[in-house]
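Listed below are the residues making up each chain.
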Amino acid sequence: MGGHACASTRPPTYLGPRRAGEVAGGFAHHAALLGVASPSAVPDRRGWWVGLFSELKMAVPWGHIAAKAWGSQRGSPVLCLHGWLDNANSFDRLIPLLPKDFYYVAMDFGGHGLSSHYSPGVPYYHQNFVGEVRRVAAALKWNRFAILGHSFGGTVGGMFSCIFPEMVDKLVLLDSTPLALDSNEMENLLTYKRKLIEHTLQVEQASKQPSRGVSPEEMLQRFLKNNSHVGEECGELLLQRGTTQVATGLVLNRDRRIAWPEHSFEFVSRELYVQSIKKLQASVLLIKAAEGYYDVRRQNDADKGPMLFIIDKLKSVLKERFQFVEVPGNHYVHMNQPNQVANVISSFLQSKDKKPASL
């Protein structure tokens, strides 16, 4: 996994338009091949204006990658990457507030949302997710595009932008960093690798037992308990795409092999971080939520040093191609209060490209 060739030359399958927030409940419900409808705006119960979107399904060797798209395919492409254990619905409240002359595609990472789980025996490594971005770009025939990444999606998009710099012209990091530093993790790195292997083996043994369904109310309360920064309505939105109804109730769609993010993250040294961002050709916008997170592990949030180092080096290396903005709100500000970030993202996407001086 992680190669840059698409697994299939077939174009992505379009599964037709649906109103934002409508739950698919799994791809088994979409047997027919449907066309793409022109988006039209409708108000939701909170008063936001939301558009019609289309479901996409792209073939990969282990099954499919699911995505949802807003806007015309003739628009400038923007790939939206969700956070750890989230899904493409993470962007439902933000994208309707962004410029309409872009084509936004929000993918579900493998093992998340409506995307296929990895094949048995295959672990979820950070580099595999980076490879998924390359596969989606190939399936959509995108040579150059912008990336909008929240949290874990930002680090995936950041690493992709360093490995394939010629393919990314804009990189938006929502309470995220382009790479994860090993500053606070040196003594833990081998432990994480061990825990990932052990957890995978445990889940494989447990997978022989079917998941127990729970009521929608219980599922939501569990979700909110584990995600204190997510409001109730936004929690419902993520669960719409992140759960499936079975006979005994709701079950999570995500692959149970995916557990703690630090088990899968690729941590880099400060030296490798600086060398990596020197490869960037993209302009970068880093939006920091004032009450958001500062580290992969929440226990280290009080240590602002790594984040300040990341920002300082982006400023010194990218110069006028880097923009830093702090906004009120928590880690899920793009969902809870999308108006706090929509204007700065819109201005950034519409700004003229600033090419690296060496190009």
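Residues numbered from 1 in each chain as written. Predicted model: local features only at pLDDT ≥ 70, side-chain atom pairs only at ≥ 80, totals over all residues. Heavy atoms only, no water.

A. Structural context of a nonpolar patch on the surface. On the surface, Tyr125, Ile197 and Leu201 cluster together into a nonpolar patch covering about 300 Å² of accessible area. Take Leu201: it is sitting in helix H3 (residues 189–206). (Patch = residues over 30% accessible without salt bridge, like charges linked within 9 Å, V, L, I, M, F, W, Y side chains within 5 Å. Areas by Shrake-Rupley, 256 points an atom, 1.4 Å probe, with all protein chains shown as cover. Salt bridge = Lys/Arg side-chain N within 4 Å of Asp/Glu carboxyl O. Helix = DSSP H or I, 4+ residues; strand = E, 2+ residues; numbered from the N terminus.)

B. How the structure looks around the nonpolar core. In this structure, Leu79, Phe145, Phe160 and Tyr273 are the most contacted members of the largest nonpolar core, which totals 58 residues. If near-sequence neighbours (up to four positions away) are discounted, Phe145 is found in contact with Pro77, Leu79, Val133, Ala137, Phe160, Met167, Val168, Asp169 and Lys170. (Core = buried A, V, L, I, M, F, W, Y, C linked by side-chain atoms within 4.5 Å. Buried < 20%, exposed > 50% of the residue type's maximum accessible area, 1.4 Å probe, protein only. Contact = heavy atoms within 4.5 Å.)

C. Highlighting the environment of Lys100. Mapping Lys100 onto the fold places it in the loop between strand E5 (76–81) and strand E6 (102–107). Judged by its relative accessible area of 66%, Lys100 is exposed. Each C-alpha atom, one on Lys100 and one on Trp70, is 8.7 Å from the other, the two residues being 30 residues apart in sequence. Of the polar contacts made by the side chain of Lys100, one reaches the backbone oxygen of Pro96; its length is 2.9 Å. (Polar contact = N/O pair within 3.5 Å; in protein donor to acceptor, adjacent residues only side chain to side chain.)

D. Molecular detail of unusual backbone geometry. The phi dihedral of Lys141 is positive, around 60°, even though this residue is not glycine. Along the polypeptide, Lys141 turns up in the loop between helix H1 (126–139) and strand E7 (145–150). In this structure Lys141 comes out as exposed when scored by relative accessible area, which is 61%. One non-glycine residue with positive phi stands out, namely Lys319, at about 55°. Of note, Lys319 is situated in the loop between helix H8 (305–318) and strand E14 (322–330).

E. Highlighting helix H10 (residues 339–350). Here H10 is 12 residues long and its end C-alpha atoms lie 17 Å apart, about the 16 Å a rise of 1.5 Å per residue gives. Within the span of H10, buried status applies to Val341, Ala342, Val344, Ile345, Ser346, Phe348 and Leu349. (Expected span 1.5 Å × (residues − 1).)

F. Quick look at the pattern of salt bridges. Taken as a whole and assessed by the stated rule, the structure comprises 9 salt bridges. Here Arg241 makes a salt bridge to Glu55, at a shortest N to O gap of 2.8 Å. Of this pair, Arg241 sits in helix H5 (residues 232–242) while Glu55 sits in strand E3 (residues 49–60), and the two are 186 residues apart along the sequence. We note that Arg241, like Glu55, is buried. The residue Glu218 makes a salt bridge to Arg222 at a minimum N-O spacing of 2.7 Å. Of this pair, Glu218 and Arg222 both sit in helix H4 (residues 216–226), separated by 4 residues, roughly a single helical turn. Of the residues examined, Arg222 reaches a relative accessible area of 40% and is grouped as partly exposed. The network of salt bridges with shared partners includes Glu55, Asp108 and Arg241.

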